[in-house]
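Notes for the structure review
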Amino acid sequence: MHHGPPIAGSDQVSQEPADSPNGRPPARARWWRDPYLIVAVPVGLWALLVTLQHTWVSDFLLHLATVNTLARDLWSPADPMVGAASGSPYYSPYTVLLGMIKAATGAPTRTVLEAAGLANVGLLIFALRRFCRNLGRGPLVATLALVFALLLWGTDPVAWSGFLGLYSLSWTMSYPSLIGTALMLLVWDAFLRHRARPEGVGAVATVALLGTLVVLIHPFTAVNMVIGLVAFVLADPRATLRARPLHLAVGAAVAFALVMVWPWSDVSTLFGAAGSFDAIHKVLLTDVVKDGGFATYGLALVGLPALVTGGRRPLGRELQILFGLAVAVVALGAAVGSYGLARVIPVAMLPLHLALASYLAERARGWTVYAAVTLVACCVGLYGESGGLIRAYWGKVSPATLHAWGAPPPTPSYDRVLKGIRPGEVVIADDLTVARLVNARGADTVAPAWPYPFVDEDVRARDTTAFFAKGTAPLDRLAIADRYGVTCAIVTRGRAVLQPDALPGFTADARLSHPRAVRLCRD
């Protein structure tokens, strides 16, 4: 039996109602009564309110640094952290485009990134609906899928690049992972369209071009994209063989060639560096083990019965195989210590959300116990994602309230000691947050403020530690500063560098009492 997507235009998927006798579409077909828009528009407004708060942390600062560097030197940029390497995997088509926009318009980098975040949310909303057409049942299945993807994670969800929960999305909407996820869904949709109706090359071209973008924009998401394509092939290999596999092979070859000739970075270097990102991802697998993973991911299990019993529904087998492959990859990563494979978790969650949406949309006319359980789970999920909701609030929120709602406190302001630091300067700092803020202003640091195995990371970290150590001789400290061309040092903890003659040729020129920080710059 064929379990692939219904053929577009066939009776099986024709959900569009016929026109009424007066030639106008019936009321239920009018756009303002579209259930998907009823959910999607509030999501877009929520994203706009979050953006207007301008409160960003962590990797947002890295993307600021990346766009800043590209705007200054588009054709031969140094890396955005330490300025030592030529090119960077962070220089993707997405960030190159943003760098061009900033250079052309002169707009603040933060504004460019924030606008991109809103566009990413819009693209995700469009791509999810497009892909859900393969599940049948009209716009209702896409509506439910969007709700479940935002809410059905856990009572203590994680905010991580590529995770689509409301709380995570409130921080990561401008990250490359979000546009990568949206493009991944469009690639999947194009592949399924080609498998169902292999006439022409339009769908194959879409797979090749958008697949290339996914690989270059966010390689972790590219892994998820490939897992999905493998699942679709395994679900119906006969349909794939009938779908002119030579065209698919040519499309894959074109995508490979485009990736390899990308001038801003060498994607092949990521294969050798993959292990360097394992440590930061270990927490994702720790969350799975802790409390059985329920606090972080447990609410998605509401969709498991629908997934297990849904093999005969449109795309049912594909979702089952996708879930099985994703879980197997995550388990393999845990077994061999390759924790970066935990980034596949969102693809293990998605089939649960989609299968549940398909099941309930099929039974929308009748109230069932399953629907009631799902409603309760969504209410619990909304509470769990409340940290993302409060980020849209426009008033002042106390740190205690932020903590109670599961949102982190705002980043302390170091503006007084950062003011005057110019793009391209080199700063050495003893605090990770300060180092990231330095990068966000377009300046370089001695040690990378994020994992970055493409430079002499360990040597730079040791030199930074030695620079601030109490037992380091003044001339040795100065030699470190000269080696990297340091123009300023920012001290937040120890006082060894602040002692008289501890750093010859440097003078304190800015101080901050709360949080404590002192800046020393060359005379």
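Residues numbered from 1 in each chain as written. Predicted model: local features only at pLDDT ≥ 70, side-chain atom pairs only at ≥ 80, totals over all residues. Heavy atoms only, no water.

What about the overall build of the chain?
- Within the chain one finds 24 helices and 5 strands.
- Per-residue burial for the chain yields a buried fraction of 52% across its 523 residues.
- Expressed as a percentage of contacts within the chain between residues at least 6 apart in sequence, the contacts between residues at least 24 apart total 70%.
- Carbon and sulfur atoms provide 64% of the accessible area of the chain, an area that totals close to 23,700 Å². (Helix = DSSP H or I, 4+ residues; strand = E, 2+ residues; numbered from the N terminus. Buried < 20%, exposed > 50% of the residue type's maximum accessible area, 1.4 Å probe, protein only. Contact = heavy atoms within 4.5 Å. Areas by Shrake-Rupley, 256 points an atom, 1.4 Å probe, with all protein chains shown as cover.)

Quick look at the nonpolar core
- Within the largest apolar cluster, 126 residues are counted, with the highest numbers of intra-cluster contacts made by Leu185, Trp188, Leu354 and Ile490.
- For this core, the leading source of residues is helix H17 (residues 345-362), giving 13 residues.
- When near neighbours in sequence (up to four residues on either side) are disregarded, Trp188 contacts Phe131, Asn224, Met225, Gly228, Leu229, Phe232, Leu322, Val347 and Leu350.
- One finds Phe467, Ala481, Phe506 and Leu520 within the second-largest nonpolar core, a separate group that totals 17 residues. (Core = buried A, V, L, I, M, F, W, Y, C linked by side-chain atoms within 4.5 Å.)

So, the packing of helix H4 (residues 109-132) against helix H7 (residues 176-196)
- Between H4 and H7, whose axes approach to 8 Å, the crossing angle comes to 25°. With respect to each other, H4 and H7 are oriented roughly parallel. The hand of the H4/H7 crossing is left-handed. Together, Asn120, Val121, Leu123, Leu124, Phe126, Ala127, Leu128, Arg130 and Phe131 of H4 and Leu178, Ile179, Thr181, Ala182, Leu183, Leu185, Leu186, Trp188, Asp189, Leu192 and Arg193 of H7 make up the contact between the two elements.
- In terms of residue class, the contact of H4 with H7 is built from 15 nonpolar, 2 polar and 3 charged. (Axes fitted to C-alpha atoms, helices over the stretch in contact; angles between N-to-C directions. Parallel < 35°, antiparallel > 145°, perpendicular 65-115°, else oblique. Left-handed = near helix turned anticlockwise from the far one by under 90°. Nonpolar A, V, L, I, M, F, W, Y, C, P; charged D, E, K, R; others polar.)

Things to note about the environment of Tyr414
- Mapped onto the elements, Tyr414 comes out in the loop between helix H20 (399-404) and helix H21 (415-418).
- What makes Tyr414 buried here is its relative accessible area of 8%.
- For the pair formed by Tyr414 and Val434, sequence separation is 20 residues and the distance between their alpha carbons is 7.4 Å.
- Setting aside residues up to four positions removed in sequence, Tyr414 forms contacts with Asp431, Thr433, Val434, Leu437, Thr492, Leu512, Pro515 and Ala517.

Considerations on the pattern of salt bridges
- For the structure on display, the rule yields 11 salt bridges.
- Asp463 is paired through a salt bridge with Arg483; the nearest N and O atoms lie 3.0 Å apart. Linking Asp463 in helix H23 (residues 457-468) with Arg483 in helix H24 (residues 474-484), this pair joins segments that are 20 residues apart in sequence.
- In this structure, the salt-bridge partner of Arg522 is Asp482, at a minimum N-O distance of 2.7 Å. (Salt bridge = Lys/Arg side-chain N within 4 Å of Asp/Glu carboxyl O.)

Considerations on the confidence of the model for the chain
- Of the residues in the chain, 89% reach a pLDDT of 70 or more, and the chain-wide mean stands at 87.
- Contacts for the low-pLDDT stretch residues 1-25, under 50 throughout, to residues beyond four places or in other chains number 41 contacts. (pLDDT = per-residue confidence, 0-100.)

Some remarks on the state of the cysteines
- Under the defined criterion, the tally for this structure stands at 1 disulfide.
- Disulfide pairing is shown between Cys488 and Cys521; the S-S distance is 2.1 Å. The chirality of the disulfide connecting Cys488 with Cys521 is right-handed, given an S-S dihedral of about 105°. Pair noted here: Cys488 is in strand E3 (residues 488-491) and Cys521 is in strand E5 (residues 516-522), with a separation of 33 residues, a long-range link. One exposure class covers both Cys488 and Cys521, and it is buried.
- With no disulfide of its own, Cys379 lies closest to Cys378 among cysteine sulfurs, the gap being 7.1 Å. (Disulfide = S-S within 2.5 Å.)

A word on the side chain of Arg343
- Mapping Arg343 onto the fold places it in the loop between helix H16 (316-336) and H17.
- Although Arg343 is buried, it makes no salt bridge; Asp59 carries the closest opposite charge, 6.9 Å away.
- Within the local environment of Arg343, its side chain forms a polar contact with the side chain of His281, the two groups lying 2.9 Å apart.
- In this view, Arg343 contacts Trp160, Ser161, His218, Phe220, Asn224, His281 and Leu284; residues no more than four positions away in its chain are not counted. (Lys, Arg positive; Asp, Glu negative; His and termini not counted. Polar contact = N/O pair within 3.5 Å; in protein donor to acceptor, adjacent residues only side chain to side chain.)

Re the packing of helix H5 (residues 138-151) against H17
- One way to put it is that H5 packs onto H17 with a least axis distance of 8 Å and a crossing angle of 140°. One finds that H5 runs oblique with respect to H17. The handedness of the crossing between H5 and H17 comes out as right-handed. Contacts between H5 and H17 involve Leu140, Val141, Leu144, Ala145, Phe148 and Ala149 from the first element and His353, Leu354, Leu356, Ala357, Ser358, Leu360 and Ala361 from the second.
- Partitioned by chemical class, the residues of the contact of H5 with H17 number 11 nonpolar, 2 polar and no charged.

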